[in-house]
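The residues making up each chain are set out below.
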Amino acid sequence: MIYSEIFFKLKPPFFCCFFVLLCPKQKKIMGQYHHRGIEQKWRQYWREKKTFIIDKNPSDKPKYYVLDMFPYPSGSGLHVGHPLGYIATDIIARYKRAKGFNVLHPMGFDAFGLPAEQYAIERGVHPAITTEENAKRYWEQMSLLGFSYDPDCVLRTSDKDYYKWTQWIFLQLFGHYYCNDTQQARPITELEQVFEAEGNQQINAATSAKDKFSAADWKNFTPQEKQSVLMQYRLAYHSFGYVNWCPALGTVLANDEVKDGKSERGGHPVERRKMPQWVLRITAYADRLLSGLNTVDFSESIKASQTNWIGKSEGGQIRYAIEGKSETLEIFTTRPDTIFGNTYMVIAPEHDLVETLTTPEQKTEVETYVKWAKNRSERERQSDTTKTGVFTGSYAIHPFSGEKLPVWIADYVLIGYGTGAIMAVPAHDERDYEFAGKFGLPVREVVQGGNIETEAYVAKDGILTNSDFINGMTVAKAIDTMLEAIEGRGIGKRQITYRMRDVIWSRQRYWGEPTPFKIKDGIYYPVNEDELPVELPEMEDFKPTGRPESPLIKATEWRHLPDGFERETNTMPGAAGSSWYFLRYFDRDNTMTFSEKKKSDYWMPVDLYLGGAEHAVGHLLYSRFWTKFLKDIGKVSVEEPYKKLVNQGMIQGTSAIAYRHKESNRFVSADLMNDTEKETLYSDIHMDVRWVRANVLDVEKFRKGTQNKDAEFTLNDKNEFRTDSVVEKMSKRYFNTVDPADVCEEYGADTLRIYEMFLGPLEMSKPWSTEGIEGVVRFLRRVYSWYVDDNEQLTLTEEPATKEELKSLHKLIKKISEDIEKLSFNTCVPAFMVFVKEMVENKSFKKEIMLPFLSVLAPFAPHLCEELNERTGGSSTILEVPFPDYDEAHLIEAEFEYPIQINGKVRTKILFSLTATQEEVESTLAADKEVSRWLEGKTPKKVIIVNKRIINVVV
RNA sequence: GCCGAAGUGGCGGAAUAGGUAGACGCGCAGGACUUAAAAUCCUGUUCACAGUAAUGUGAGUGUGGGUUCGAUUCCCACCUUCGGUACCA
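This report concerns the structure included in the present document. (Residues numbered from 1 in each chain as written. Chains lettered and ligands numbered in written order. Predicted model: local features only at pLDDT ≥ 70, side-chain atom pairs only at ≥ 80, totals over all residues. Heavy atoms only, no water.)

1. Quick look at the side chain of Thr-908
- For Thr-908, the position within the fold is in strand S32 (residues 905-913).
- Apart from the residues within four sequence positions on either side, Thr-908 is in contact with Tyr-898, Pro-899, Ile-900, Glu-930 and Val-931. (Helix = DSSP H or I, 4+ residues; strand = E, 2+ residues; numbered from the N terminus. Contact = heavy atoms within 4.5 Å.)

In structure tokens form, the structure reads like this:
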């Protein structure tokens, strides 16, 4: 096409000479690497021959399960940042397969949930349609990169054959409680039998129940009462409590979906609101989620995030009597040693005792404060930490000194943590110190070591004072002694508290799994298993209602059942489908069970799980929790779903910033002004990165691509318009996205695969830049022309390889296999480059070398290697060609050129046999001219020889 | 504040059971081919100083110390950047 354009523009005499000149070149070009034809051909081959489809039945072959976190198919399609992890896992998958493993490498779509639904609402198109379109587009984009996903595994969490089982698992959670004695989920029917026989006094279970009852009580309960008691034990339960309500999204959100008081998605403000909700009792599994971390291979930062999120803290729960009242106040503390420094009490504004404790004199003040505090948004509360509070008028009695302690209400005490009440020890807690200072409450030092005149002393280091029977003890000893004393007097107990809350599992949104329940007379009845799935009704108007209720409420026909029952209308959160999808890939079409145990016993756990660090707490905790539960009920055998987890770094975008005058439509080249001018006189405008190369804007492309046709440009003295560049998240909104399909078209999929690996370590974040991709193009071109000459003839010869050639090859095999195992893909690329360069330079065309090389390169550049494998006579796909093993025999060296250091500085190099003795080395060194020059006549004190590394002469 | 990760040429980054710092690639400079350009190939490229040059000398992996024959790698203190998290008692 390019040539023909030139032809038309040329005048006839030119035309002829150009044509003559072109001919030999044309021929040369024919013998060059053309990625388009090759890559298309092999993609088609793989598809038609079903190369990537494997038998999912258990076999004798060792298995390897390599999994990517599946994407939610957003409307913007993939950008070059997404495939980074997919390329890495594909290399692993192809490598392991060639190493003889039975490899499962699936891909699917996390299609339900908020992002997909928001996109649909913005477009005004039904989410079922947008999801379908987007998933299709993702799949096409992924196919371009040559990923070896098994097409028979592909699943969507929004398919009813899939979400049937999401609902089924939810019902199992509903049907079980957690027994703390056996540390295991048990059927709720067992619990009913116990209640029937002996009440709940002896039950040690994970529960929100506070009240104790006897067998007789149980029998007297109404059916509603019985159900509401059981709800307090179920692992999936319905409750009424404070939740994160986001009015803009029209739904409640889980704690991990709220960041800085705003919704993670969209950044809308979030309020606290009391609402009925479905909740999962993940806290029952807190300890197992924590201890399981020691058995898996996750990065330190992920383990740390999860540990922090679970937030286990050990301490004591202490009951305080209230002066003149029968009620008691329960508090939780990790510092019972400081109890003699306790000078007042604080309860949260939402605390149950607020009303009881408020005296008539304080009533108005308390009501005003509580109302103010409750209406305060999370955001305000977090950004403004100055202490506020109000006195209730009541006093608690110190359990040891008998002192009267004023009870205050303050919003620095959170209802969601511990008991929602604290014993305030201002001398040894920063928050209490600030509060006491502000409201003139006494500060009493009980641990020596700080200066409480100026600040609270919080270190757990010092000797107890002013503390009766624990005086003179260390903090650690005092904590233990005090806990003993509390238990001894029966005023409290040792207590472990978790920061992690039970997770709210209902959303007032359309695009999710319907929660499979029917309601009648206030009782929630699970839908029968044989009625699953409860299908999501098709609705024209699926938008949020704006009220705290699901849009499904409008599906009246669907909702009202003929037998007088009403369907639950809340749907499940996006995290539901992703909590177990890894169990479905290898048994996608099973209609009898969610995942056949025989198969999961073979395939689970996932050997390598790769994905973004943003799922460090949410998805990873939920899926670990579900796996543990499914193990408890005997449906899977693994305690942990992922053996090894790696987070790939983000590929950021490099945005191009142009400056437009604030008063006019004039853009000024960035090098023509200073930073102050940029800030004060100009607005930053993101330019589409496709218009910019090396910080210079192509003004013509801008004019063609923009709506802003009247823009004027002030160029610099080189007639260029320069932009500034900023590294930030790759996103449509910043016009800095790069489509992998464009890169594939221009440079090829193999090039993109290798280039993304070459950019740097997998786990590190790095900005995208196309500068440098040429190096990879040149490399692949060189590989091609090593096998195929300018006349499209194969170069390979039958001649036996030399010792040196075999050594280089086996060094490469060793390096590549070791580095792939370490996931160090970036270091593989230079090894390939050096090897090929060496072979080409030495004009080495030995089949003995070139055939194994193809297998080694194939995981990285599958299309090219398939092509060359076929041309060199390979009969099967390269996936079936075993990855070569290296042979130590080829790697043995007889001698080594040692760098010679004199006093730690390298001065020369001398070749020694690896068997040379210390004496031989020393005498050679003594005779060496260069060495003696540096010795300046002195005798060496010591000669250190490090085998195959270095020789250091110490003078 | 707390937790985690990371600081190496103009740039992306190599090298850590302590052993030649800067592999490989980009960029840049020079050269070959070409009437010319593109493409391709070759050479050089950490910095400073000296020399016409080959080369030589010194410094050098965020900063300051320490251990060692030898430190990018280990130890101590600090600085900076990024990510997570935060009134969690």
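Further notes follow.
2. Here we look at the pattern of salt bridges
- Applying the stated criterion to the full structure yields 49 salt bridges.
- In this structure, Lys-554 engages Asp-541 in a salt bridge whose closest nitrogen and oxygen atoms are separated by 3.0 Å. A residue pair is termed long-range when its members are at least 10 positions apart, and Lys-554 in the loop between strand S19 (523-526) and helix H18 (556-559) and Asp-541 in the loop between S19 and H18 qualify at 13 residues.
- For Asp-541, a relative accessible area of 38% corresponds to the partly exposed category. (Salt bridge = Lys/Arg side-chain N within 4 Å of Asp/Glu carboxyl O. Buried < 20%, exposed > 50% of the residue type's maximum accessible area, 1.4 Å probe, protein only.)

3. Some thoughts on the sheet that holds strand S6 (residues 251-253)
- Ordered by their spatial adjacency, four strands build an open sheet running S6-S5-S9-S17, and the pairing between neighbours is antiparallel. Because the sheet does not close on itself, it has two edges, and the strands there are S6 and strand S17 (503-504).
- Sheet topology note: the strand S9 (residues 271-280)/S17 ladder contains two bridges and is antiparallel. When the bridges of S17 are listed, Leu-280 appears paired with Val-503.
- Taken strand by strand, helix H7 (residues 160-174) contacts strand S5 (236-246) and S9, and its axis lies near 90° from that of S9. (Pairing = 2+ DSSP bridges. Axes fitted to C-alpha atoms, helices over the stretch in contact; angles between N-to-C directions.)

4. Details of the protein's contact with RNA strand B
- Every one of the 53 residues lining RNA strand B counts as a neighbour, but Thr-334, Tyr-417, Arg-431, Arg-778 and Asn-952 are closest to it.
- Near the protein, meaning within 4 Å, the atoms of RNA strand B are sugar or phosphate in a fraction of 57%, with bases accounting for the rest.
- Within the side chain of Asn-952, an N or O atom sits 2.4 Å from a base oxygen of RNA strand B.
- Among the elements that make up the surface near RNA strand B, the one with the highest residue count is helix H12 (residues 300-310) (five residues).
- Residue composition of the surface near RNA strand B, by class: 20 nonpolar, 13 polar and 20 charged. (Near = heavy atom within 4 Å. Polar contact = N/O pair within 3.5 Å; in protein donor to acceptor, adjacent residues only side chain to side chain. Nonpolar A, V, L, I, M, F, W, Y, C, P; charged D, E, K, R; others polar.)

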